[in-house]
Amino acid sequence: QQQVRQSPQSLTVWEGETAILNCSYEDSTFDYFPWYHQFPGESPALLIAIRPVSNKKEDGRFTIFFNKREKKFSLHIADSQPGDSATYFCAASGAGNTGKLIFGLGTTLQVQP
Amino acid sequence: GALVYQYPRRTICKSGTSMRMECQAVGFQATSVAWYRQSPQKTFELIALSTVNSAIKYEQNFTQEKFPISHPNLSFSSMTVLNAYLEDRGLYLCGARDWGEETLYFGSGTRLTVL
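Values in this document were obtained by computation on a predicted structure and should not be read as measured data.

## Some details on the state of the cysteines
All names here are of chain B.
- Tallied over the full model, the rule gives two disulfides over all chains.
- Disulfide pairing is shown between C23 and C94; the S-S distance is 1.7 Å. Around the S-S axis, the bridge from C23 to C94 shows a dihedral of about -95° and counts as left-handed. Residue C23 is located in strand β3 (residues 19–26), and its partner C94 is located in strand β9 (residues 90–97); the two are separated by 71 residues in the primary sequence. Taken individually, C23 and C94 each receive the classification buried, so the pair is uniform in this respect.
- Here C13 stays free of any disulfide, with the sulfur of C23 as its closest cysteine sulfur at 17 Å.

## Considering the pairing of strand β4 (residues 30–38) of chain A
Residue and element names in this part refer to chain A.
- A large share of β4 lies buried, amounting to eight of its nine residues.
- Direction of pairing for β4 relative to strand β9 (residues 86–94): antiparallel, over a ladder of six bridges. Bridge pairing in β9 places H37 opposite Y88.

Scoring rules and cut-offs
Residues numbered from 1 in each chain as written. Chains lettered and ligands numbered in written order. Predicted model: local features only at pLDDT ≥ 70, side-chain atom pairs only at ≥ 80, totals over all residues. Heavy atoms only, no water. Disulfide = S-S within 2.5 Å. Helix = DSSP H or I, 4+ residues; strand = E, 2+ residues; numbered from the N terminus. Buried < 20%, exposed > 50% of the residue type's maximum accessible area, 1.4 Å probe, protein only. Pairing = 2+ DSSP bridges.

Written out as structure tokens, the structure reads:
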């Protein structure tokens, strides 16, 4: 059973639009929710992360919206640029700082110029 | 800054042989190291989680006998793929974090090809 579900599998937007990537999770003990992005041939890199004490986290053009009640969180990429084209992975981990991150299956984002 | 060096970047081995990959943490203490395999379909499978001074915890479908891991200190970890076969192909990633820190820093990955 996939503990972290991610959608859509792929997404294409035009340059300047807002891309919205969605994730949901099962385990209510999860308390850390990062988003990683991965460019072809490279390893994943942390983009932005949130904890349930907040329902929103912004970093430049990237915003996480978090809904604890529905166990959902999303990544909004405002003013999408062609350089944002990559695969985005949401993840979740539980209490205890064990480093055990559970990843979603990824969303491949293509930003068309 | 925090960095994780992983090597080799790519390796090719014959079916039935073994290969070892290593990770070196720089700029922070790698209290926990998680080893993942990313399949060609891009899904991440957690192989095992190693915490210094604790037993290494393997996930279902992965065993110490197949993927022995060493985590002898706060800057180094290694994993060996024993008797590699086609189904072991993929990108192997180590991710390390310090105790009390949230961010998992990934190495550059080791891409394993099995002939």
